[in-house]
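Next come the chains, spelled out residue by residue.
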Amino acid sequence: FLMIYLLSLLIFISFSHTTNKAELIEISFGTNQPTGEFGDRYADDGFSFRVSYSKSFENNGLFKYQYSGQYIHFGTNYYTDQFLMESGLYGPSVNVRNREQAFLFSAGLRLTATQGISKKGMFRPYVGSSIGLAFFNEKTIWDWGNDFQFDDCSGTEILLSILFQDIDWCDNNSSMQNTLHSKVEPVFTLDLGTNLFFKENQKIGVDFGVRYNMVTGLKKPSVVYDYENDTHSYIIDKLKVDYYTIYFGLSFKLDPLRKDKRKSKRDKGRHI
């Protein structure tokens, strides 16, 4: 939560400056894949959601600072289960959902062709490098609906708390959840992507690329998948990449002049 707060504060400060520096927000979805087997957790292919904000140090400069957040969904399993009641009998069936996921927050630098390859700002490849924290967790939720409720929390809670830890049975009468595993690890991120705008003054474009995540604290894969001998496999091997994401989404240019005008109007209104 501290990392989320710091990233939000930095983004707020950067938005408050009235400059003519290039700013960009990227929102994209993708498929996440591990490069090996990490045991029972966080080892499956899944989908990913990514948000990134970048701003150049100088007007139309090549170097930017960037903040980003990424959500990785490794998988969700659904099944039914039964609790052992005080009487020694099994109660009604309950729906169970088990989910593995990760939240990554990072900050770093980006080298990008702000004005584009052809100086028209249409095709903008970039390379970004960031450092941050990765929050992994596995949670299980039991849902028995409104037809079956634990009205007597005192007796049931004592019995079932022996079987399950860190569960508050009285907060919700129709479901409960338990965090089976959680872990926070440093993460290093490499982004290779491109922003594509189809017109010179277009504010909304396309963003696509690949993201490599190196999570230093995870157990190294015992089996490394085979890749073709290309740049992609070279990066995975040399950087010891744990996960990579192929993403596709939208890029949004922020208009600094329009933002300056809005701030100027607000400042004038305060002096009236």
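Residues numbered from 1 in each chain as written. Predicted model: local features only at pLDDT ≥ 70, side-chain atom pairs only at ≥ 80, totals over all residues. Heavy atoms only, no water.

*Asks:* In this structure, what is going on with the pattern of salt bridges? I would like to understand it.
*Replies:* If the charged atoms of two oppositely charged side chains come close together, the side chains can form a pair. Taken as a whole and judged by the stated rule, the model has six salt bridges. Between Asp207 and Arg50 there is a salt bridge whose closest N-O contact spans 3.0 Å. Of the two residues, Asp207 sits in strand β7 (residues 204–215) while Arg50 sits in strand β2 (residues 46–56), which places them 157 residues apart along the sequence. A relative accessible area of 0% places Asp207 in the buried class. The structure contains a network of salt bridges with shared partners spanning Glu26, Arg50, Arg110 and Asp207. (Salt bridge = Lys/Arg side-chain N within 4 Å of Asp/Glu carboxyl O. Helix = DSSP H or I, 4+ residues; strand = E, 2+ residues; numbered from the N terminus. Buried < 20%, exposed > 50% of the residue type's maximum accessible area, 1.4 Å probe, protein only.)

*Asks:* What should I look at first to understand unusual backbone geometry in this one?
*Replies:* In the Ramachandran plot, Tyr42 falls in the positive-phi region, its phi being about 55° despite a non-glycine side chain. If you trace the backbone, Tyr42 turns up in the loop between β1 (23–34) and β2. Take Tyr42: its relative accessible area is 3%, and that puts it in the buried class. Positive phi outside glycine occurs at Lys240, with the angle close to 55°. Checked against the element boundaries, Lys240 lands in the loop between α3 (231–239) and β8 (243–254). According to the relative accessible area criterion, Lys240 is exposed, its value standing at 52%.

*Asks:* Teacher, can you tell me more about the packing of aromatic side chains here?
*Replies:* Aromatic rings in a pair are described by how distant their centres are and how their planes are angled relative to each other. Taken as a whole and judged by the stated rule, the model has twelve aromatic pairs. Ring plane angle 50° and centroid distance 6.2 Å describe the contact between Phe47 and Tyr71, whose orientation is recorded as tilted. Here Tyr71 lies in strand β3 (residues 63–84) and Phe47 lies in strand β2, a separation of 24 residues in the sequence. Here Tyr53 and Tyr67 contribute two aromatic rings whose centre-to-centre distance is 6.2 Å and whose plane-to-plane angle is 15°, an arrangement assigned as stacked. Highlighted residues: Tyr53 in strand β2 and Tyr67 in strand β3, separated in sequence by 14 residues. For the pair formed by Tyr53 and Tyr67, the shared burial category is buried. Through pairs of rings, three or more aromatic residues link up here, namely Tyr42, Phe74, Phe136 and Tyr243. (Phe/Tyr/Trp six-rings, centres within 6.5 Å; stacked < 30°, edge-to-face > 60°.)

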